[in-house]
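Each chain, letter by letter, is given below.
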2 protein chains.
Amino acid sequence: MKNNPIGIFDSGLGGLTVLSEVARLLPTEETIYLGDTARVPYGIKSKETVVRYALEDAAFLQSHKVKLIVAACNTASANALDILQKVLNVPVIGVIEPGARAAVKATKTGRIGIIGTSATIDSNAYTSAIVDLAPEAKTFALACPLFVPLVEEGWNDNEIALSIAKKYLVELQEADIDTLVLGCTHYPLLKGIIAKVMGPGVTLIDSAAATATVVSALLEKEGIKNSSGSNASHAFFVTDSPDNFVKVGTRFFGKRLNCASLAELERRS
Amino acid sequence: MKNNPIGIFDSGLGGLTVLSEVARLLPTEETIYLGDTARVPYGIKSKETVVRYALEDAAFLQSHKVKLIVAACNTASANALDILQKVLNVPVIGVIEPGARAAVKATKTGRIGIIGTSATIDSNAYTSAIVDLAPEAKTFALACPLFVPLVEEGWNDNEIALSIAKKYLVELQEADIDTLVLGCTHYPLLKGIIAKVMGPGVTLIDSAAATATVVSALLEKEGIKNSSGSNASHAFFVTDSPDNFVKVGTRFFGKRLNCASLAELERRS
């Protein structure tokens, strides 16, 4: 069991930011990444559809004998984590609770903003997680649907990205928050722009690093940490053609992806 | 056969602009519309995936005994029309050829621009169709990936939409075109902005009306036009939750959608 890989899934590329942190913190763990690029994005779809997709993604990872699954997708974590934890026989970690915990730790005024896809924001998952940890906190949640296509277009740092960020974030500026959760794995790539709009008084929380810490702690606790000591390999699967994933994925993973394979998911109804 | 419905499919909402024109021109024809909203968008996905989705969409419509199928999605028309026409036993019409024909008719200088999703532009389908009709024409094709999410966000006519259009279209301004094909069913909703950027010397071509004319001619030719005379009904199916489709669809269809049903597609591998 110790030598089995960690499974990580996302709707597409965004979860590579989480994988990158996991690999940095746990360099001896093998990983299997699944990006559901044939059905990306999840964030504009209904809860029922997101739950079905998350179950299919997890089943694929389980067929590869993973010892733990990370739902490295905010939309899937927000809508499907409870059901994944109920039906799977390996531990499942989402990105919401680690992000919420990091935000509660960072805030001084208790005024926390959350940005994400429509499906993540509509789920109220961050708000619930934050209020569970800090009942006195005041949260301000906002969907920013254009941020994902903006990042995928590679427009992370131009005038148009800045105008879009200004238009969305004006509400949160007025709410006088001191901490802002980047509740989508694409958003760290817009960190520069978001920081410029929100100013130096607002701490930006990126769940990726916080999630890697939770993964490490859980492996420790369950006694399934791989301590073989050698540099581990990372396998990549996608549901659409692997070519584009390999090309664009490098930007998210932070280093070159050598190759990815096509995954065929079993349909659940 | 004459009384059977016309089937129309799209990756999501965009094809409703085509349905709207078909219903206007052929008010006595029953129609069945399928929007594959659980897997939208198609325009960022590979040819193989788009072909598989188009075959699954068409099979669903065939199970409803349609007499003719319209691929009311530029990405599906560009990548899958030939295979749909080969495997189905009813006539299949795409939106590319009607759009190309309308562009060739409209141009005076023979310099024609084409904008669309990445998958449509990469397919070269418009360029081939235009050059087949007018070998002397010069075409300039450009992908505008942010236009679809922009329309879905409802930002059809603000400063940000204008900046994005300016940034994309500068290349086509320099190419000195006199005709521009809106090669995606979402783009007619950005007509105002695109016209502002391109100026009055450029004619914008929207395939929807041209496609409806081709549908009408084909029904006539095959002798399967419904001439019963009464106002026909329109049925709507989607693969994700129908609620959002009904809410947002009105903007594309031009009139209120009363209800839509959930469709379960058979997977082909």
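Residues numbered from 1 in each chain as written. Chains lettered and ligands numbered in written order. Predicted model: local features only at pLDDT ≥ 70, side-chain atom pairs only at ≥ 80, totals over all residues. Heavy atoms only, no water.

## A short note on the packing of aromatic side chains
- Throughout the structure, instances matching the rule amount to 18 aromatic pairs over all chains.
- Both rings, one in Trp155 of chain A and one in Tyr168 of chain B, keep their centres 5.1 Å apart while their planes meet at 35°; by these two values the pair is tilted. Taken together, the residues Trp155 of chain A in the loop between helix 7 (147–152) and helix 8 (159–174) and Tyr168 of chain B in helix 8 (residues 159–174) connect one chain to another.
- A network of ring pairs unites the aromatic residues Tyr33, Phe236, Phe245 and Phe253 of chain A as a single cluster.
- When the ring centre of Trp155 of chain B is taken as reference, the NZ or CZ atom of Lys167 of chain A above it lies at 5.1 Å. (Phe/Tyr/Trp six-rings, centres within 6.5 Å; stacked < 30°, edge-to-face > 60°. Helix = DSSP H or I, 4+ residues; strand = E, 2+ residues; numbered from the N terminus. Lys NZ or Arg CZ within 6 Å of the ring centre and 35° of its normal.)

## Section: the relation of the copies chain B and chain A
- Least-squares fitting of chain B to chain A yields an RMSD of 0.0 Å, with the superposition described by an axial translation of 0.0 Å and a rotation of 180°. Those values place the two copies in the arrangement expected of a two-fold rotation axis. Ranked by how close their C-alpha atoms come to the rotation axis, the residues of chain B are headed by Arg39 of chain B, at 2.4 Å.
- A share of 100% of interface residues in chain B that are also interface residues in chain A marks the association as one of identical surfaces. (Least-squares fit on C-alpha atoms with pLDDT ≥ 70 in both. Contact = heavy atoms within 4.5 Å.)

## Considering the sheet that holds strand 8 (residues 203–206) of chain B
All names here are of chain B.
- Pairing is parallel across the open sheet formed by four strands, whose spatial order is 6-5-7-8. The two strands at the open ends of the sheet, each matched to only one other strand, are strand 6 (138–143) and strand 8. When the angles between neighbouring strand axes are averaged without regard to direction, this sheet yields 20°.
- One ladder, built from four bridges, connects strand 5 (residues 111–116) with strand 7 (residues 179–182); its direction is parallel. Across the sheet, the residue bridging to Gly113 is Leu180, located in strand 7.
- Most of the contacts of helix 8 go to strand 6, to which it runs at about 170°, and overall it touches strand 5, strand 6 and strand 7. (Pairing = 2+ DSSP bridges. Axes fitted to C-alpha atoms, helices over the stretch in contact; angles between N-to-C directions.)

## Describing the domain arrangement of chain A
All names here are of chain A.
- Splitting chain A by domain gives domain 1 (6–94 + 209–262) and domain 2 (97–207).
- If you average the C-alpha positions of domain 1 and of domain 2, the two centres end up 22 Å apart.
- Taking both sides of the interface into account, the surface hidden between domain 1 and domain 2 amounts to around 1,600 Å²; carbon and sulfur atoms contribute 57%.
- Run the count over domain 1 and domain 2 and you get zero salt bridges. (Domains from an automatic or database assignment. Buried area = accessible area lost by both parts, 1.4 Å probe. Salt bridge = Lys/Arg side-chain N within 4 Å of Asp/Glu carboxyl O.)

## Examining the sheet that holds strand 5 (residues 111–116) of chain A
Residue and element names in this part refer to chain A.
- Strand order in the open sheet formed by four strands is 6-5-7-8, and the pairing between neighbours is parallel. Strand pairing shows two members of the sheet lacking a second neighbour, strand 6 (138–143) and strand 8 (203–206), which therefore form its edges. Direction aside, neighbouring strands of the sheet carry axes that sit 20° apart on average.
- Against the sheet, helix 4 (residues 96–106) makes contact with strand 5, strand 7 (179–182) and strand 8, and its axis sits at roughly 160° relative to strand 8, the strand it touches most.
- Against the sheet, helix 6 (residues 125–133) makes contact with strand 5, strand 6 and strand 7, and its axis sits at roughly 155° relative to strand 5, the strand it touches most.

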